[in-house]
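# Descriptive analysis of the structure
Each chain, written out:
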Amino acid sequence: HLSQRLQTVAGYVLPGARLADIGSDHAYLPANLALNGKIATAIAGEVVTGPFENAVQEIHGLQLEKKIHVRQADGLAAIHSGEIIDVITICGMGGSLICQILAAGFEQLGKRPRLILQPNVNEAGVRKWLEINCYQIVAEEIIAEAGHIYEIIVADPTATAIALSEKAKMFGPLLLQERSAVFLEKWQQEQIKLQHVLKQMQQAQTEPLTKERLLQQKINMIEEVLHD
Ligand code: SAM
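Given the structure is predicted, the values throughout are model-derived calculations rather than measurements.

A tally of helices and strands in the protein yields nine helices and seven strands. At 19 Å, the protein has a C-alpha radius of gyration in line with the 17 Å of a compact globule built from 228 residues. Projected onto the principal axes, the alpha-carbon positions of the protein cover approximately 60 × 40 × 35 Å. Residue pairs at least 24 apart in sequence account for 68% of intrachain contacts in the protein once pairs closer than 6 positions are excluded.

Further remarks concern the packing of helix 4 (residues 95-103) against helix 5 (residues 123-132). At a closest axis distance of 7 Å, the pairing of helix 4 and helix 5 adopts a crossing angle of 25°. Relative to helix 5, helix 4 is oriented roughly parallel. In this structure, helix 4 contributes G95, S96, I98, C99 and L102 to the contact, and helix 5 contributes E123, G125, V126 and W129. Split into classes, the residues belonging to the contact of helix 4 with helix 5 amount to five nonpolar, three polar and one charged.

Attention now goes to the site of the ligand. Of all residues adjacent to the ligand, which total 17 residues, the nearest are G23, D25, V47, C91 and G92. For the shell around the ligand, the secondary-structure elements that each account for two or more residues are strand 2 (39-46), strand 4 (87-93) and helix 4. Top contributing element to the shell around the ligand by residue count: strand 4, with three residues.

Another point: unusual backbone geometry. Here the phi dihedral of D25 falls at roughly 50°; this positive angle occurs in a residue that is not glycine. Here D25 lies in the loop between strand 1 (17-22) and helix 2 (28-35). Located in the positive-phi region is A27, a residue other than glycine, with phi close to 60°. Locating A27 in the fold gives a position in the loop between strand 1 and helix 2.

Attention now goes to the pairing of strand 5 (residues 114-119). Counting buried positions along strand 5 gives six out of six residues, so the element sits mostly inside the fold. Residues R114, I116 and Q118 point to one face of strand 5 and L115, L117 and P119 to the other, with burial holding for every one of them. Relative to strand 5, strand 4 is paired through six bridges, and the arrangement is parallel. Counted as the bridge partner of M93 is P119 from strand 5. For the segment spanning strand 4, helix 4 and strand 5, crossover handedness is right-handed. One ladder, built from three bridges, connects strand 5 with strand 7 (residues 148-157); its direction is antiparallel. Bridge assignment links L115 to a residue of strand 7, and that residue is A155.

A word on helix 8 (residues 181-204). In an α-helix, one turn spans 3.6 residues; hence positions three or four apart end up facing the same way. For helix 8, spanning 24 residues, the distance from its first C-alpha to its last is 35 Å, which sits close to the expected 34 Å at 1.5 Å a residue. Note on helix 8: the residue one or two positions beyond its end, Q205, has a positive phi of about 50°.

Another point: the environment of H69. As for its placement among the helices and strands, H69 is situated in strand 3 (residues 68-72). The exposure class of H69 is partly exposed, given the 19 C-beta atoms found within 10 Å. For the pair H69 and I79, spaced 10 residues apart in sequence, the C-alpha to C-alpha distance is 9.9 Å.

It is the contact of helix 8 with helix 9 (residues 209-226), at a shortest axis distance of 10 Å, that shows an interaxial angle of 155°. Relative to helix 9, the element helix 8 is oriented roughly antiparallel. Considering how the two elements wind past one another, helix 8 and helix 9 form a crossing that is left-handed. Seen from helix 8, the contacting residues are L184, W187, Q188, E190, Q191, L194, Q195, V197, L198, M201 and Q202; seen from helix 9, they are E212, L215, Q216, K218, I219, I222, E223, V225 and L226.

Conventions used here
- Residues numbered from 1 in each chain as written.
- Predicted model: local features only at pLDDT ≥ 70, side-chain atom pairs only at ≥ 80, totals over all residues.
- Helix = DSSP H or I, 4+ residues; strand = E, 2+ residues; numbered from the N terminus.
- Rg over C-alpha atoms; globule rule 2.2 N^0.38 Å.
- Contact = placed C-beta atoms within 7 Å.
- Axes fitted to C-alpha atoms, helices over the stretch in contact; angles between N-to-C directions.
- Parallel < 35°, antiparallel > 145°, perpendicular 65-115°, else oblique.
- Nonpolar A, V, L, I, M, F, W, Y, C, P; charged D, E, K, R; others polar.
- Near = placed C-beta within 6 Å.
- Buried ≥ 20, exposed ≤ 12 C-beta atoms within 10 Å, placed from the backbone.
- Pairing = 2+ DSSP bridges.
- Right-handed = clockwise from strand over helix to strand, strands pointing away.
- Expected span 1.5 Å × (residues − 1).
- Left-handed = near helix turned anticlockwise from the far one by under 90°.

Put into structure tokens, the structure is as follows:
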């Protein structure tokens, strides 16, 4: 039984894919996909010993060792040279860490896989990485679960880079078009939070004016999107 967040991610894994789930923790995502016959094989990569052991136990308990290889490794090092991967999922960590993981070892992959990314923060940084690395965002989801709002970004490789505006990177090109209730809720919350930060900055007067101006610009951008 997967969370709605991981269920949404699972929905974008290509049928019959060879999957690599990086930062897999309990390996719930690959285990679920394998049990439902939706993937050919999977690698569950984990760098930290505790979560790695969780994954080993989960996969052993479900007798999925033949289909899912649990490996303790840093990022894409979990994928051995010569192994072809169709889909990489990286979920539940910060956007900067996701970009760092992708940047290290991405060139060594035998094929440019579909990427399904669920950054907890800094979604804009992830979209920027995708833009620079010739990936096209083909789907985006925003969901609310257990008091959190999550974004899921699905991207496929393209031949030429597709430029995204600053606005598209910040809000998500497809989420921006869709303007769902959860999307509006997220940015209303964000606006209130940033207004509070700005007010404190102005009162303390310790931050340089440029920082205040940048924050004000961001608030204005949110204002614009919310009242579109
Ligand atoms: N992907 C699962 C999910 O979305 O529910 C687990 C998310 S958990 C919050 C993030 C996991 O990423 C942690 O178990 C952490 O140990 C792992 N992690 C962080 N940096 C990593 C790296 N460089 N390589 C592999 N795993 C990493």
